[in-house]
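Secondary and tertiary structure notes
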Amino acid sequence: MLLVPGAVGIWLVTGGRTLAASAARSVALAAAVIGGVAAVAATVARPVIDRAWIPDLGVRWHFEVDGISAPLVILTAVIGVLVVAHAWAEQPWAESPQSGSAATYLGSLLLVEAGALAAFAARDAVLFFLAFEVVLVPMWVLISRFGDKHSASARADASARFILYTAVGSTLMLVGILLLVFQAGTADLDDLPAAAAGLSLGQQTLIATVLTVGLAVKVPVFPLHTWLPAAHTTAPTAGSVLLAAVLLKLGTYGLVRLPMANVPDGFARIAPVLAIAGVIGILWGGLICLVERDLKRLIAFSSVAHMGFVVLGLASGSETGLQAALIGNIAHGVISALLFVIVGGLKHRWGSVDLSVVRPALREVSPRLGFALILGLAAALGLPGLAGFWGEFVALVAAWDPAQHTGILRTCAIIAAVGAALAAAYTLRVARIVWVGDEVPAESADAAVQQTPDARSVEFAVLAVLGAAVVAIGIAPSLVFSVTADAVTTLIGGGR
Amino acid sequence: MTLELEWGLLLPALIPVVAMLLVLVVDAIAPRARLAAPVIGALGLAGGAVASLPGVLASDPRLTLCTPAPEGRCMWDGNPLASTLQIAALLATLAVLALVSVRRAGVIDVVMLLASASGAVAVVAARDLGTWLVALELATLPVIALVAWRDRRAAAHGALTLLTTSVVSFGLLVLGAALWVTATGDPTFTGESLATAWAVPERRALAGLATVVLIAGLAFKLSAVPFHAWTPTTLTAGPLPISALLASASKLAAVGALVVVLLPYESVVGARPGPHVVVATLVILTVASMLVGTVMALRQTEVVRLLAWSTVAQAGWIVLPLTALSVAGRQAAAVYAVVYAVASLVAFAAVRAIHGWRVEDGRELTAYQGLLRRDPVAGGTLALALLVLAGLPPGVIGLVAKVVALRPAISAGLWPVAVVAVVAAVLGIAVYVRWFAVLFGEPDGDAPARPRSRRASVGVAVLGAAVLVVTSVFPQLLVGLVS
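Quantities reported herein were computed from a predicted structural model and do not represent experimental measurements.

**Side note on the overall build of chain B**
For chain B, the helix and strand inventory stands at 20 helices and two strands. Against the compact-globule benchmark of 23 Å for 483 residues, chain B has a radius of gyration of 21 Å, which places it among compact chains. Dimensions of chain B, computed from C-alpha atoms along their principal axes, come out at roughly 70 × 60 × 40 Å. The burial tally for chain B puts 62% of its 483 residues in the buried class. Taking all contacts inside chain B whose residues are at least 6 apart in sequence as the whole, residues at least 24 apart take part in 79%. Carbon together with sulfur atoms contributes 70% to the accessible area of chain B, which is approximately 17000 Å² in total. Between the averaged position of the 30 positive side-chain charges in chain B and that of its 22 negative side-chain charges there is a distance of 8 Å.

In structure tokens, the structure reads:
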């Protein structure tokens, strides 16, 4: 599951750089599909790999998929296949001579996927950190070499911001992990909760703070989110999708896995701060979305708002809250992937996605894209029956009835509900400008259609898969809930 | 006084010395055999490394040069940690010999390299002040001559800087050694005598002072801030292979020497009052080196100067685990130093492969534009070395080394230092990624021409990169060596 995308990715980046684009694409797609199938098989069969790696550090190759990671593994696998497939619709390497070859691009995509899968499956704290770091350089390559072709300085700035912010987060997380591992005497995530239970409250709080701040950069939680919009705006479509759907999940997954599972009392103490930061993120993201002119940045800020809900769910500390966070995670992964595919496609067609430029109505010139956009926006708004609803709704319910700090969290829940209304306002704004748009005069209709060709073949297939997932999770959230339920109960119950 | 002597344990230091003598003899008999000197030198270095191998694998104590019991003190300890550092220093010198390039390496170069290598080997195993001091100077002084050997004015200036520094450093070391003997009444670095001295307040103060002075003297050799001023000048002015030597083998010798000084402190680390003054000195060195080195490296555009400042920053990382004054700390420092030495050797070798013999000109970052496409081998190895130095996967071993280095400090409760290390690590990533990013771009026209005789440099870069790749996949190979 990890081996195939990883090995093929490395080979493409190093040896296969001279490979023709079409051959590289086929090889990469095959690798992604094999990796994806293996990942799905792994979530069903639940194999365990446990081998000594660096005995002197107590680090082991310990991979295992459990209820909490299973949905994320599947999400990553599916997104991995989709982003590679999307290379047929958009070819960032062909647009400017400065960027690298197709093989480098596809290899980087595969490496990000392999790193993320490894992180989700890792059952050893230090191994988790190493896998977490693996995604940095390939993602940096994607942003800096294959990003927005208009501005080299924007690319450099965005990629540097991405790598430095993430490095701050992950190195802080490393300090937290080492503290925890040293105090508890084991790095195995299965044994850690029991081993760490004996720590004093002060120690727990310290460890939880370091870990949470480190991971909050990755999530990102307000006010550590400033790298995200820049990275999203400049990254190629596939990069944005990976960033939103996979990398951000590493942050929340880490929050669940490390501070929440291992030092629950310490985490509970800092939970109110986290909840407040999450709520500020919801409001801040919503307000910026109301005025933001660049559609890609807008989606990025809406990501900040959505992750705010996830963080709020986590901060409530209850079983419901954790469930909300997990489903919110998956839902946001699917929805933002869908939106970024659309917006990336539009940017590709139009050259920019400035909302202040009046353009022909999307619903008329390219109905498929238009429909997908409306579906994505509606899901992002949290419309019942679509994926986004469950994450937000359950998070609010959980925050209303938290495990601790009832007063603060109830206030947060109320404010978050206001934030959800903001989301409605900004999604409607986008829908009005892009979907309803300007009336297309009959005589120039052909030109408009030519300027904005509708989604076809691969792009359409990618959109269809993501759209179907949005609807499926929305109608039957129990798909996810049932997988995570057992693991959630043990996690919350085991820590106490 | 009789000494118990076991020749086998001394072989790693003796073989290079014998090789050195052989080179001189052969040169006297057959001065025209120009290939003889480098070949004998290489064999001597390799032989020394092979002789150190048993020390890595052995689990029983490997002490020799012992005075008779019951007051027995051993002056030579070939433990796994020392043996690992010995092998690394010898192989690093071998790589530098290759970089000097077989055809150009004269007798003098080879002799100096062998002398410096045998000094480095001896200092990490020495347990008495006399051997330690002599070996340390033996490791350093030949390098000064090597820097000055090429008749460039800048090189002479660099050598002069290094010489001045070395004299000051030597003065400090001698003073420290004298204070140590006064405090402990023992001319060896032994835990028991330090523990006895530590119990008496006056002698404790003296022992602390002695250690601080010794550490200060060693900090010159490690190029740790505030004793780093010679590093950028000398490394940029001298010949590139010798800069590589200063950044790898000399660094390993200095780390080994520092480990020897701090060894006795394990017996007083739990005492009350503890060795706070020593810890404080080490912490100041660590924090200052990391921050100053990284921030200065961030501003450089000349690659060797950048590497020189990065040497300063990495010295901080090497000292970081030593602040814990524990076994794990010593091992971590050795692991980090070895990883750093290999990575910096690869970087220097790649730079040498790109610029050729006349390395003094145009070593600006802009000359590396698009190197990965222009010159995949040199570019690829350089990229890997930079990632290892930055501690980013796929240079996993660099990251593992950082984990290893942070662990002892955190377990000793020095986590404020760890937080500084986090800042330094992130700034460090910025430093190396700046260079890394340049490698990726589109090659432009005015790139330096590829030198012709670069087989040796490419070979060193590739071999070093292979070591980095293998240890990245199996970090245990390296981490397990020292314990």
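**A closer look at the nonpolar core**
In this structure, I79 and F162 of chain A together with W132, Y368, W435 and L439 of chain B are the most contacted members of the largest nonpolar core, which totals 359 residues. The greatest single-element share of this core, amounting to 20 residues, is contributed by helix α14 (residues 327-355) of chain B. If near-sequence neighbours (up to four positions away) are discounted, I79 of chain A is found in contact with V241, L242, A245, V246, A337 and L466 of chain A.

**Things to note about unusual backbone geometry**
Residue V219 of chain A is joined to P220 of chain A through a cis peptide bond whose omega torsion reads -10 degrees. Mapping P220 of chain A onto the fold places it in the loop between α10 (201-218) and α11 (227-234). That bond from V225 of chain B to P226 of chain B is cis: its omega, 5 degrees, falls within 30 degrees of zero. Among the structural elements, P226 of chain B can be located in the loop between α8 (201-222) and α9 (230-237). Notably, S223 of chain B is not glycine yet its phi reads approximately 50 degrees, a positive angle. Inspection of the secondary structure puts S223 of chain B in the loop between α8 and α9. Since its relative accessible area comes to 1%, S223 of chain B is described here as buried. The phi angle at L325 of chain B is positive, at roughly 50 degrees, despite the residue not being glycine. In this structure L325 of chain B comes out as buried when scored by relative accessible area, which is 5%.

**Quick look at the interface of chain A and chain B**
In this complex, chain A contributes 32 residues to the contact, which on the side of chain B involves 37 residues. Here chain A and chain B share an interface that buries about 3000 Å² over both sides, 79% of which is from carbon and sulfur atoms. For the pair chain A and chain B, the interface holds zero salt bridges. Those elements giving two or more residues to the side of chain A that touches chain B turn out to be β1 (48-54), α6 (125-134), α7 (136-146) and α8 (152-184) of chain A. In terms of residue class, the side of chain A that touches chain B is made up of 24 nonpolar, four polar and four charged.

**Points about the packing of aromatic side chains**
Aromatic ring pairs are reported here in terms of the distance separating the ring centres and the angle at which the planes meet. Going through the model one piece at a time under the given rule, you end up with 16 aromatic pairs over all chains. Aromatic pair F389 of chain A and W390 of chain A: ring centres 5.0 Å apart, planes at 70 degrees, arrangement edge-to-face. Judged by its relative accessible area of 17%, F389 of chain A falls in the buried class. Summarising the aromatic geometry, the rings of W180 of chain B and F189 of chain B are spaced 5.3 Å apart at their centres and angled 55 degrees between planes, so their arrangement reads as tilted. The class of F189 of chain B is buried, set by a relative accessible area of 5%. In textbook terms, an aromatic cluster arises when at least three aromatic residues are bridged by ring pairs, as seen for F120, F128, F132 and Y253 of chain A. One residue, R368 of chain A, lies across the ring of F460 of chain A, its end atom 4.4 Å from the ring centre.

Criteria and cut-off values
Residues numbered from 1 in each chain as written. Chains lettered and ligands numbered in written order. Predicted model: local features only at pLDDT ≥ 70, side-chain atom pairs only at ≥ 80, totals over all residues. Heavy atoms only, no water. Helix = DSSP H or I, 4+ residues; strand = E, 2+ residues; numbered from the N terminus. Rg over C-alpha atoms; globule rule 2.2 N^0.38 Å. Buried < 20%, exposed > 50% of the residue type's maximum accessible area, 1.4 Å probe, protein only. Contact = heavy atoms within 4.5 Å. Areas by Shrake-Rupley, 256 points an atom, 1.4 Å probe, with all protein chains shown as cover. Lys, Arg positive; Asp, Glu negative; His and termini not counted. Charge placed at Lys NZ, Arg CZ, Asp CG, Glu CD. Core = buried A, V, L, I, M, F, W, Y, C linked by side-chain atoms within 4.5 Å. Buried area = accessible area lost by both parts, 1.4 Å probe. Salt bridge = Lys/Arg side-chain N within 4 Å of Asp/Glu carboxyl O. Nonpolar A, V, L, I, M, F, W, Y, C, P; charged D, E, K, R; others polar. Phe/Tyr/Trp six-rings, centres within 6.5 Å; stacked < 30°, edge-to-face > 60°. Lys NZ or Arg CZ within 6 Å of the ring centre and 35° of its normal.

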